[in-house]
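Okay, here's what each chain looks like letter by letter:
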Amino acid sequence: MFTLRIIILITLIVPLNYELCSCQCARAEYKIDKQCCPMCAPGNRVLWHCTDDTSTTCVPCPPLTFIDEPNGFMECFPCTVCDANQGLRVNKVCTQSSDTVCKPLERFYCIDKKKSSCTSAVQHSECNPGQYIKQAGTGSTDTICADCTGDTYSNGSFSSCLPHTKCEALGLAETNPGTHSSDSECGNSPTAVAIIAPSVIVTLALALFGVVFIFKHIWKKKQSKSSVVGCRRIAESFETEGQVKTICE
Ligand SMILES: *[C@@H]1O[C@H](CO)[C@@H](O)[C@H](O)[C@H]1NC(C)=O
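The rules behind each value
Residues numbered from 1 in each chain as written. Predicted model: local features only at pLDDT ≥ 70, side-chain atom pairs only at ≥ 80, totals over all residues. Heavy atoms only, no water. Helix = DSSP H or I, 4+ residues; strand = E, 2+ residues; numbered from the N terminus. Buried < 20%, exposed > 50% of the residue type's maximum accessible area, 1.4 Å probe, protein only. Contact = heavy atoms within 4.5 Å. Areas by Shrake-Rupley, 256 points an atom, 1.4 Å probe, with all protein chains shown as cover. Disulfide = S-S within 2.5 Å. Near = heavy atom within 4 Å. Polar contact = N/O pair within 3.5 Å; in protein donor to acceptor, adjacent residues only side chain to side chain. Salt bridge = Lys/Arg side-chain N within 4 Å of Asp/Glu carboxyl O. Pairing = 2+ DSSP bridges. Core = buried A, V, L, I, M, F, W, Y, C linked by side-chain atoms within 4.5 Å.

Engineer: Account for the overall build of the protein, naming residues and giving values.
Structural biologist: Scanning the protein for helices and strands turns up 3 helices and 16 strands. A total of 249 residues make up the protein; the buried ones form 20% of that total. Counting contacts in the protein only where the partners sit at least 6 residues apart, residues at least 24 apart contribute 29% of the total. Total accessible area computed for the protein in this model is approximately 18600 Å², and 61% of it derives from carbon and sulfur atoms.

Below you can see the structure in the form of structure tokens.
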């Protein structure tokens, strides 16, 4: 009984549907001049519409044009150009049956899409000094930056904040404390200066003392020599030794 009812329903509805659709065309047909013509396949366009005794005449789309669906069009669509000024480059080249697919340039991300093709892209943000790249940008997402905290720094291009150099651990003095955007700077340690400076001073002092001592010695020798000569001269001019001695002393 149930199946019979369905059969009756179908036999009633199908002709009705057919009646409704006969004013239109079948799914793979298009309407032209009150006539239904078979559509052309994707990648082709209509050259001649069908007649009572001929089917539709289709021709392939010329280069750089396409139609991506069964159609009754007389013209193909121009292929999309991926514009570098829009931050775009080609992902898939255009074919007769599919439009160009664009994707963002390197270091760009898509901000507008149409189907699977990007229509507009902008450059990834750069992180500021004091921030690190928490998540690198992709073709569809911008860079995510985060601030450095504690004793760390990043110039904005690091993938993590680096700890400040510990000058003391290197036996050096900190000449510039680090910031979140710059490392600390190390110079010579005061302890190193304290060890090196006195030894240098002592060495120099000893050297100077030695030089002075040597010159003094030489000078004294010269003086005593000349005084001996003087004595001799005096001795020559006097007759007795007793007189010479008193003069020299
Ligand atoms: C950050 O430092 C790196 C390596 O030290 C350098 O190559 C880069 O140019 C610097 N970036 C900026 C924005 O200063």
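Engineer: Which residues make up the state of the cysteines, and what values do they have?
Structural biologist: What the rule picks out here adds up to 10 disulfides. Disulfide pairing is shown between cysteine 40 and cysteine 58; the S-S distance is 1.9 Å. Taking the torsion about the S-S bond as the criterion, the cysteine 40 to cysteine 58 disulfide, at about -90°, is left-handed. With cysteine 40 in the loop between β2 (35–38) and β3 (44–48) and cysteine 58 in strand β4 (residues 57–60), this residue pair connects regions lying 18 residues apart in the sequence. The class of cysteine 40 is buried, set by a relative accessible area of 1%. With its sulfur 2.1 Å from that of its partner, cysteine 61 forms a disulfide with cysteine 76.

Engineer: Describe in detail the site of the ligand, supporting the description with residues and values.
Structural biologist: All residues in the neighbourhood of the ligand are listed as Asn155, Ser157 and Phe158. Here an oxygen atom of the ligand and a side-chain polar atom of asparagine 155 are 2.3 Å apart. Contact with the protein chains covers 27% of the free accessible surface of the ligand, which is 360 Å².

Engineer: Describe in detail the side chain of serine 117, supporting the description with residues and values.
Structural biologist: Within the element layout of this structure, serine 117 appears in strand β10 (residues 117–123). For serine 117, a relative accessible area of 12% puts it in the buried group. In terms of polar contacts, serine 117 uses its side chain to reach the backbone amide nitrogen of cysteine 102, at 2.8 Å. With residues up to four places along the chain from it excluded, the contact list for serine 117 reads Thr100, Val101, Cys102 and Asp112.

Engineer: Lay out unusual backbone geometry with the relevant residues and their values.
Structural biologist: With the exception of glycine, the majority of residues adopt a negative phi angle, and the majority of peptide bonds are in the trans configuration. If you check the backbone angles, aspartate 33 has positive phi at about 50° while not being a glycine. With respect to the element layout, aspartate 33 can be found in the loop between β1 (29–32) and β2. By relative accessible area, aspartate 33 is classed as exposed at 71%. Its identity is not glycine, yet lysine 34 carries a phi of approximately 60°, on the positive side. Looking at where lysine 34 falls in the secondary structure, it is placed in the loop between β1 and β2.

Engineer: Please provide a residue-by-residue account of the pattern of salt bridges, values included.
Structural biologist: On inspection of all chains with the given rule, the structure shows 2 salt bridges. Residue lysine 115 is joined to aspartate 68 by a salt bridge in which the shortest nitrogen-to-oxygen separation is 3.7 Å. Placement of the pair is lysine 115 in the loop between β9 (108–114) and β10 and aspartate 68 in the loop between β5 (65–66) and β6 (77–78), with a sequence separation of 47 residues. Its salt-bridge partner being arginine 89, residue glutamate 106 comes within 3.8 Å of it at the nearest N-O pair. One end of the pair, glutamate 106, is in the loop between β8 (101–104) and β9; the other, arginine 89, is in strand β7 (residues 88–92), with 17 residues separating them in the sequence.

Engineer: Could you give an account of the side chain of histidine 124, naming the residues involved and the relevant values?
Structural biologist: Within the fold, histidine 124 resides in the loop between β10 and β11 (131–135). Its relative accessible area of 17% is what places histidine 124 among the buried residues. Among the polar contacts listed, one links the side chain of histidine 124 to the backbone oxygen of phenylalanine 108, at a separation of 3.5 Å. At 2.7 Å, the side chain of histidine 124 and the backbone oxygen of threonine 138 are in polar contact. Once you skip the residues sitting within four places of it in the chain, histidine 124 turns out to touch Arg107, Phe108, Tyr109, Gly137, Thr138, Thr141, Asp142 and Thr143.

Engineer: Give a description of the pairing of β2 that names residues and reports values.
Structural biologist: Sheet analysis places β1 next to β2, joined by 4 bridges and oriented antiparallel. Looking across to β2, one finds that tyrosine 30 is bridged to cysteine 37. Hairpin connection from β1 to β2: 2 residues lie between these consecutive antiparallel strands, with aspartate 33 at a positive phi of about 50°.

Engineer: Report on the nonpolar core, specifying residues and quantitative values.
Structural biologist: Core analysis: the biggest nonpolar cluster contains 7 residues, these being Cys82, Leu88, Cys102, Phe108, Cys110, Cys118 and Ala121. Of all elements in the fold, only β9 and β10 reach the threshold of two or more residues within this core. Discounting chain neighbours no more than four positions away, the residues touching cysteine 82 are Leu88, Arg89, Val90, Thr100, Val101 and Cys102. Counting 5 residues, the second largest nonpolar core, distinct from the first, contains Cys37, Cys40, Val46 and Cys50.

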